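Observations on the three-dimensional arrangement
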Amino acid sequence: MTLALLGSRRGMTVAIVLAIVGALLPWFVYPVLAIDIVAYALFAVAFDLLLGFTGLLSFGHAMFWGGAGYVATILIAKAGAPFPVAVAAALVYAALSAVVVGVIAIRRQGIYFAMITLALAQLQYFVAFQLGDWTGGENGVQVSSRGTLFGIRLDDDKVFYYAVLVVAALGVWFVVRVVRSPFGSVLGAMRENEQRAIALGFRVDRYKLVAFVLSGTLAGLAGVLFAVGNRLSGLDGVDWHTSGKVVIMTILGGIGTVFGPLVGAGVYESLDYFVSKTPIGDKTNIVMGTIFALCVLLFRRGIVGELLALRTKRAKD
Amino acid sequence: MRLYRSLPAALAIALLSGSFVAPPARAADSGPVKIAVITDMSGVYASLAGAGAVEATKMAVEDFGGKVLGRPIEVETIDHRNNGPDAAIKAREAFDGGADLALDMTNSAVALAVAAVAKEKHKIAIVTGGASSALTGANCNRYTYHYAYDTYALAHSTGSNIASASNGKTWYALVANYAFGQQMLSDFTAAIEDKGGKVQKADLYPFGPTTDFSSYLLAAKNSGAQVLGLFNAGADTVNAMKQAKQFGVDKTMKIAVGLLFLSDVDALPDVFAGSRITTSWYWNYDKQARAWADKYAKRMNGLRPTDIQASDYSAAWQWLSAVKAVGSTDADKIQQYLDGRQFNDFYARGGEWRARDHRVLHEMYVVDVLPKEQVKEPHAWFKVVQVIPPGRAFRPESQSVCKKDW
Amino acid sequence: MALGLSVIFGMLRIVNFAHGAMFMLGAFVAYYGAQLFHLPFYAALVFAPVVVGVFGLLVEVAFLRRLYGLDPLYGLLFTFALVLIIEDAMRLAAGALGSPYSAPPSLAGVTNLGFTVFPTYRLFVIGAAIAVCAVVWFVLERTPVGARIRAATEAPTLVRALGIDTQRLVSITFAVGVALAALAGVLAAPNQNVEPTMGDKIIINTFAIVVIGGLGSIGGSVITGFAIGLLQTLGAVIFPAFNDTLIFLVMIVVLLIRPSGLFGSPASAK
């Protein structure tokens with residue numbers, strides 16, 4: 001259903017609408033908040049590649065998001081690295097750590113897999129804490145200037161936002177390509193019935209590992225955009241609550257639909273930000289938690305999932 | 001047909017839901033003068049600063065007359081939720097929306113983040129509640145002032161005070177192994193050694209809320225040291241104190257707590273009784289302090305102000321006075337006016353806006369936390385045992401690592 | 001804690017993320033009990049688990065039941081959402097700082113054990129924990145009810161076919177599991193700060209313990225729980241810098257060598 005959507009004209013329409021929304025966002029919303037929304041959107045899409053399309057729940061994805069964020073900001077702030085170099089280094093870090101984590105975790109399934117990813121993420125959290133000289137510990141790393149990209153100065157928030165938007169769009173497009181490729185079909189088959197896939201001769205573990213590394217690297221990319229966008233990286237980035245946040249966003253938007261996580265991230269971030277500014281701001285967590293609980297209980301397909309289901313149902317009538 | 005057109009529309013609406021806010025117009029120089037109080041309204045620092053800090057700031061505005069330079073003064077409350085990036089975004093929004101001063105920032109990570117934004121936007125930020133001495137060290141900047149206390153002051157007041165006495169020379173230090181704890185350890189060690197004392201043993205435990213300190217407390221008891229120094233904060237301090245009493249450590253050793261506030265004792269009086277700490281101000285210290293505390297109590301249902309809340313009033317007042325004197329809210333002019341200026345009010349005795357690194361100097365007080373039986377009225381937990389003059393309380397200029405670029 | 005979590009997982013196949021929050025609720029019930037009704041500590045040991053157990057029962061009946069047929073993911077996510085809600089609600093009710101709670105005077109002070117003095121209260125906790133674990137083990141292994149619970153864990157359809165009301169067993173098990181967490185909370189209250197996030201750290205460690213011990217193996221969880229506790233205390237003395245990470249390193253090593261945990265059976269590995 002989703003794949004059909006992606007290939008069709010409708011899919012293109014959706015993509016165009018989202019592109020327009022993305023282009024106009026910084027005029028409606030504070031630019032740095034817009035950057036956050038797009039970064040989280042990419043994070044959620046990357047996460048969904050693993051959860052929705054490969055069927056693996058990782059509870060430690062913050063380690064790529066935050067870890068890459070740290071690498072990039074440390075390089076920019078302490079070594080004066082140019083932006084592209086920092087991004088490249090951060091991506092390498094994300095990919096390598098994804099390989100390591102993947103190799104250890106993929107042997108197991110289901111809850112064990114989730115627990116291992118959580119444990120490894122916690123390890124990274126503590127390491128980040130201990131290496132206070134590099135990571136600034138509790139205070140984090142601050143970046144005063146974002147640098148330049150192809151000669152364009154990135155310090156203007158709106159300018160950086162568009163850079164982020166382009167990168168994120170490329171990331172999402174990449175995920176779409178992966179999902180629609182033969183590789184993606186195998187992932188889908190594995191998710192449906194792993195035994196059959198093995199019987200058919202697929203090296204299931206290898207596929208999972210590749211998916212994991214792709215997911216982790218993209219999550220890292222999103223994390224770099226976020227950290228450099230906010231000119232700040234800190235322990236929140238590698239905290240397990242952040243791992244939980246992206247799970248919520250993905251479910252809220254709809255697992256296994258490419259655009260779902262995007263919507264989920266947008267809705268979650270906006271809600272979180274604006275609720276916290278209202279008089280009931282101090283109850284933000286309860287509100288978000290309740291929404292999430294309702295999602296899990298009643299709207300398991302997420303926003304986009306429900307919309308798609310609605311459409312299919314109506315089309316059948 | 002209708003449906004697929006509604007789908008993208010639905011998606012667009014979903015994505016934009018909640019996002020529809022027009023960016024605020026920039027306030028002209030004739031608009032209101034705005035103070036943005038960026039504090040923790042609902043988390044661990046809510047009692048220390050929070051609503052009380054906002055109230056204190058409003059009191060200052062009212063006492064000032066509600067207007068300066070013919071313009072009305074507005075106080076804006078921003079909940080930083082102990083989240084650095086979030087606070088930075090909200091600070092930016094506030095500044096772009098016409099805020100002229102960012103005040104409070106109780107939480108070191110938030111303080112550092114907002115200080116960076118203030119520098120970028122050329123607006124004044126006065127940090128009262130954040131502890132990090134990096135604000136006047138590696139992260140100093142032209143527009144940020146550190147008003148209330150910092151780790152150096154805490155260490156050198158409590159440390160020197162206890163180590164001066166003959167029964168306070170040998171120390172066992174329980175240290176949370178992260179930047180704050182390590183900083184406290186090094187600052188305390190310097191202060192203690194200065195008085196001829198010695199930190200016999202320092203155990204650095206991995207930070208992340210630790211709930212069990214038994215092995216360390218046993219080590220402390222067995223070390224034979226005279227003083228137990230707790231260089232941690234928050235839940236760790238509570239747990240360590242609770243367990244120290246369980247193990248009977250408080251009967252044989254003096255306990256020095258690196259960081260503690262009136263609000264902590266309000267919450268858990270039995271836990272902290274008998275410890276010695278440093279505070280930047282105490283409401284019952286003298287008539288002048290008490291007079292202000294009475295005004296505060298009237299507005300806050302009998303609650304007494306913490307030193308941070310008092311410092312917010314003081315800082316707001318001083319800033320408004322500067323605005324009046326300079327004739328504008330321009331941050332550059334105010335910074336030039338404040339640098340080096342000396343002042344006195346109910347909070348800052350012997351106050352000075354030190355030009356070298358924007359550390360604001362004033363008296364500090366070493367106090368004992370009284371057990372319930374000795375407390376004569378609600379919230380009167382402290383007994384001042386020593387007053388540290390401003391010149392000795394804070395890091396000397398010569399030792400400052402601030403790379404002054406103004 | 002590990003016992004409760006293990007029992008819940010074994011029976012409901014739900015990883016109860018909210019277990020730490022239940023721990024916290026147990027401590028707070030004890031606190032409010034003391035504040036409002038002068039509830040003595042020993043009474044709280046019974047009262048708090050009952051209150052939280054009932055709360056757990058309501059949650060199970062109202063919400064968790066709907067999620068049984070689905071991917072276990074959803075149970076986990078729902079309990080995760082519960083944590084957010086419960087913790088924040090407590091924060092609004094009690095504030096973030098901490099609420100005072102002390103051990104009863106009868107257990108205050110230290111006992112001389114010969115080689116060291118040790119707080120009397122901690123001896124009580126050790127004894128109580130062992131006693132409770134022993135009782136639960138006895139109920140599960142030696143009583144008819146226990147047998148039914150174990151059967152329902154191993155082969156739910158078969159048990160239902162035999163006419164036994166599994167649904168009721170399930171609800172009771174969840175309530176009991178949660179009550180155990182609350183009991184742990186009451187025991188912990190005099191030792192540490194009673195505040196809304198006090199469950200956060202222990203839940204992560206508890207997960208690790210249950211995973212190391214083997215999900216579904218109740219005996220395994222208990223033994224591993226005590227073993228890890230010992231290891232952490234020794235670790236604090238020998239290599240303090242890595243203490244917090246120790247448990248994760250152990251978990252990773254164990255899972256690599258014995259994928260279903262030390263005492264777990266491969267059947268429970270999904």
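Scroll up to find the structure.
So, here's what we can say about the structure. (Residues numbered from 1 in each chain as written. Chains lettered and ligands numbered in written order. Predicted model: local features only at pLDDT ≥ 70, side-chain atom pairs only at ≥ 80, totals over all residues. Heavy atoms only, no water.)

**Description of the sheet that holds strand β2 (residues 67–68) of chain B**
Residues and elements named next belong to chain B. As summarised here, the arrangement of the 6 strands in space is β2-β3-β1-β4-β5-β6, forming an open sheet in which the pairing is mixed. Each edge of the open sheet is held by one strand with a lone partner, namely β2 and β6 (144–146). The pairing of strand β1 (residues 33–39) with strand β3 (residues 71–79) spans 7 bridges and is classified as parallel. When the sheet's bridge partners are listed, I35 is paired in β3 with V75. (Pairing = 2+ DSSP bridges. Helix = DSSP H or I, 4+ residues; strand = E, 2+ residues; numbered from the N terminus.)

**What about the side chain of E87(C)?**
Residues and elements named next belong to chain C. As for its position among the elements, E87 is in helix α4 (residues 72–94). Within the buried core, E87 has no salt-bridge partner, and the shortest N-O distance to an opposite charge, that of R91, equals 8.2 Å. Setting aside its immediate chain neighbours within four residues, E87 contacts M24, P196, T197 and D200. (Buried < 20%, exposed > 50% of the residue type's maximum accessible area, 1.4 Å probe, protein only. Lys, Arg positive; Asp, Glu negative; His and termini not counted. Salt bridge = Lys/Arg side-chain N within 4 Å of Asp/Glu carboxyl O. Contact = heavy atoms within 4.5 Å.)

**Some thoughts on the state of the cysteines**
All names here are of chain B. In the structure shown here, the tally under the stated rule is 1 disulfide over all chains. Residue C140 pairs covalently with C402 via a disulfide, S to S 2.0 Å. Of note, the bridge from C140 to C402 carries an S-S torsion of about 85 degrees and is right-handed in sense. With a gap of 262 residues between them, C140 in the loop between β5 (124–127) and β6 and C402 in the segment after α15 (390–393) connect regions that are remote in the sequence. Residue C140 is classed as buried on the basis of its relative accessible area of 9%. (Disulfide = S-S within 2.5 Å.)

**Observations regarding the sheet that holds strand β15 (residues 364–369) of chain B**
Residues and elements named next belong to chain B. Taken in spatial order, the 7 strands make up an open sheet running β8-β7-β9-β10-β11-β15-β16, and their pairing is mixed. Pairing within the sheet leaves two strands with one partner each, and these edge strands are β8 (198–206) and β16 (382–388). In this sheet, adjacent strand axes meet at a mean angle of 25 degrees when their direction is disregarded. Across 2 bridges, strand β10 (residues 254–257) lies against strand β11 (residues 275–279) in parallel orientation. Within β11, the residue paired with I255 across the bridge is S275. (Axes fitted to C-alpha atoms, helices over the stretch in contact; angles between N-to-C directions.)

**Examining the packing of aromatic side chains**
Using the criterion set out here, one finds 50 aromatic pairs over all chains in the structure. Considering the side-chain rings of Y145(B) and W353(B), the 5.0 Å spacing of their centres and the 85 degrees angle between planes classify their relative orientation as edge-to-face. Of this pair, Y145(B) sits in strand β6 while W353(B) sits in strand β13 (residues 351–353), placing them 208 residues apart in sequence. Side by side, Y145(B) and W353(B) carry an identical accessibility label, which is buried. Summarising the aromatic geometry, the rings of W292(B) and Y313(B) are spaced 5.1 Å apart at their centres and angled 65 degrees between planes, so their arrangement reads as edge-to-face. In this pair, W292(B) is assigned in helix α12 (residues 287–299) and Y313(B) in helix α13 (residues 307–326), connecting sequence segments 21 residues apart. A relative accessible area of 4% means that W292(B) is categorised as buried. Of the residues examined, Y313(B) reaches a relative accessible area of 7% and is grouped as buried. An aromatic cluster of three or more residues is present, and its members are F64(B), W281(B), W292(B), Y296(B), Y313(B), W317(B) and F346(B). In this structure, R146(A) is placed above the aromatic ring of F160(A), and the distance from its NZ or CZ to the ring centre is 4.6 Å. (Phe/Tyr/Trp six-rings, centres within 6.5 Å; stacked < 30°, edge-to-face > 60°. Lys NZ or Arg CZ within 6 Å of the ring centre and 35° of its normal.)

**A short note on the nonpolar core**
Counting 316 residues, the largest nonpolar core has I126(B), W171(B), L228(B) and W319(B) as its most contacted members. Here the element with the most residues in this core is helix α3 (residues 31–51) of chain A; it accounts for 18 residues. Ignoring sequence-local partners within four residues, the contact set of W319(B) consists of V33(B), I35(B), D100(B), L101(B), I124(B), I126(B), T329(B) and I334(B). The next biggest cluster of nonpolar side chains, apart from the first, holds 23 residues, and it includes L232(A), A91(B), M105(B) and V117(B). (Core = buried A, V, L, I, M, F, W, Y, C linked by side-chain atoms within 4.5 Å.)

**Some remarks on the packing of helix α5 (residues 83–105) of chain A against helix α6 (residues 110–130) of chain A**
Residue and element names in this part refer to chain A. As a packed pair, α5 and α6 sit with axes 10 Å apart at the nearest point and diverge in direction by 135 degrees. With respect to α6, the axis of α5 lies oblique. At the point where α5 passes α6, the crossing takes the right-handed sense. Together, Y93, V101, I104 and A105 of α5 and F113, I116, T117, L120 and Q124 of α6 make up the contact between the two elements. (Parallel < 35°, antiparallel > 145°, perpendicular 65-115°, else oblique. Left-handed = near helix turned anticlockwise from the far one by under 90°.)

**Here's the deal with the pattern of salt bridges**
Per the stated rule, a full pass over the model turns up 30 salt bridges over all chains. With a shortest N-O distance of 3.1 Å, R359(B) and D150(B) are connected by a salt bridge. One end of the pair, R359(B), is in the loop between β13 and β14 (360–361); the other, D150(B), is in the loop between β6 and α5 (151–164), and 209 residues separate them in sequence. The two residues R359(B) and D150(B) agree in class, both being buried. Here D212(B) makes a salt bridge to R122(C), at a shortest N to O gap of 2.7 Å. Here R122(C) lies in helix α5 (residues 120–142) and D212(B) lies in the loop between β8 and α7 (214–223), a pairing that spans two chains. Accessibility expressed as a relative area gives 31% for D212(B), which makes it partly exposed. Residue R122(C) is classed as buried on the basis of its relative accessible area of 8%. Sharing partners across several salt bridges, the network here consists of R146(A), R153(A), D155(A), D157(A), R231(A), R92(B) and E120(B).

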